[in-house]
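Letter by letter, the chains look like this.
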Amino acid sequence: MTFAHDTQMALAAAAALVNTDPEGGSGEDTLQTRDDLARFLDDQGWYGVRLGDAGELDAVRALRPSLRRLWHLDEQSLVARINEILVEARALPQLVDHDGLGWHVHAVPQHAPLDQRMAVEAAMAMIDVVRSGELDRLKTCAADDCEDVVVDLSRNRSRRFCEGGCGNRENVRAYRDRQRSDP
C-alpha cells in the first residue's frame, strides 16, 4: 500500500468531488441539489456536521475548481497551496479514532464547515503525496474527451482512466478499430 488508508480515502474523495464538476469533461454537473450532495457525502463516507442547506451546497460546489488545480500544480506550487489551505483553516492536526475507521488524522473539528473540512482533508492527503514523492500518481484521464482527475493507487502506476467509464469506452473503440482493420 502506497499511502495510509485515510490518505487513500481522502484522495479518492477529493477526486470524486472534482469529477462532479462539468468542467471535468463529463459534461454533466452531478452535484446540483442538496440531495445530490447528501448522496455524495454518504457514498464517500463523510462524517461530521452536515447542514444540508443551499449555502453548504454552494460552498462545496465552489470548492471543486480549487481542488482540481491541485492535480495540475508542480511540487513547489502544490506545497504553497497546501500550506495556504491549512493556514486559512487554522488546521491543527490531531490523531482520532471514530466510526470503526482506526487511527487517522483530522486537522479541523468535525463541526467545521463541510467545504473547509473537505479542503483540509484533501490538503492533508496531498501532504503525504508530496512527502512520498508520488506526484505522478495524480493524473488526468487519458481519454481524449475527458479531463476528469485520477488518483493512481495501482502498484505498477498503470491506471490511466477515470471512474466515469472512459476506460471501457476506449477499450470498445480500440476493439472496433481492430475489427475494421482485420481483413
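Look up: the structure comes first, before these words.
Here the residue numbering is sequential within each chain, running from 1 through the sequence in written order. Owing to the predicted nature of the model, reporting of local features is limited to residues with pLDDT of at least 70; listing and counting of side-chain atom pairs is limited to 80 or more, with chain, interface and lining totals taken over all residues. Side-chain numbers come from the whole structure's heavy atoms, not from hydrogens or water.

Enquirer: Could you give me a rundown of the layout of surface pockets, with the residues and numbers involved?
Expert: Grid points spaced at 1 Å and placed over the protein atoms alone form the basis of the search, with a cavity being a set where a 1.4 Å probe fits but cannot get out and a pocket an open set showing protein on both sides within 12 Å along at least five of seven lines. Lining residues have an atom within 4 Å of a point. Grid points are joined across faces, edges and corners, and a volume is the space filled by probe spheres set on the points. The space that makes up the largest pocket amounts to roughly 570 Å³. If you trace the largest pocket, you find 28 residues lining it, with Ala-15, Ala-16, Asn-19, Glu-163 and Gly-164 closest to the centre. Mapped by element, the contributors of at least two residues to the lining of the largest pocket are helix H1 (5-18), helix H2 (34-44), strand E4 (149-151) and helix H6 (166-181). Numbering of helices and strands runs from the N terminus, with a helix taken as a DSSP run of H or I at least four residues long and a strand as a DSSP run of E at least two residues long. With five residues, the single largest contributor to the lining of the largest pocket is H2. Here the residues of the lining of the largest pocket are counted per class, giving 12 nonpolar, seven polar and nine charged. The classification used treats Ala, Val, Leu, Ile, Met, Phe, Trp, Tyr, Cys and Pro as nonpolar, Asp, Glu, Lys and Arg as charged, and all other residues, Gly among them, as polar.

Enquirer: Describe the side chain of Thr-20, with residues and values.
Expert: Among the structural elements, Thr-20 can be located in the loop between H1 and H2. Burial classes follow relative accessibility: with a 1.4 Å probe on protein chains only, a residue under 20% of its type's maximum area counts as buried, one over 50% as exposed, and anything between as partly exposed. Residue class for Thr-20 comes out buried when judged on its relative accessible area of 5%. Side-chain atoms alone can form a polar contact between residues adjacent in sequence; in general such a contact is a pair of N or O atoms within 3.5 Å, and within protein one must be able to donate a hydrogen while the other accepts it. Within polar-contact distance, the side chain of Thr-20 engages the backbone oxygen of Leu-17 at 2.6 Å. Pairs of residues are marked as contacts when any of their non-hydrogen atoms sit within 4.5 Å. Not counting residues up to four positions away in its chain, the partners in contact with Thr-20 are Glu-28, Asp-29, Thr-30, Leu-31, Phe-40 and Arg-64.

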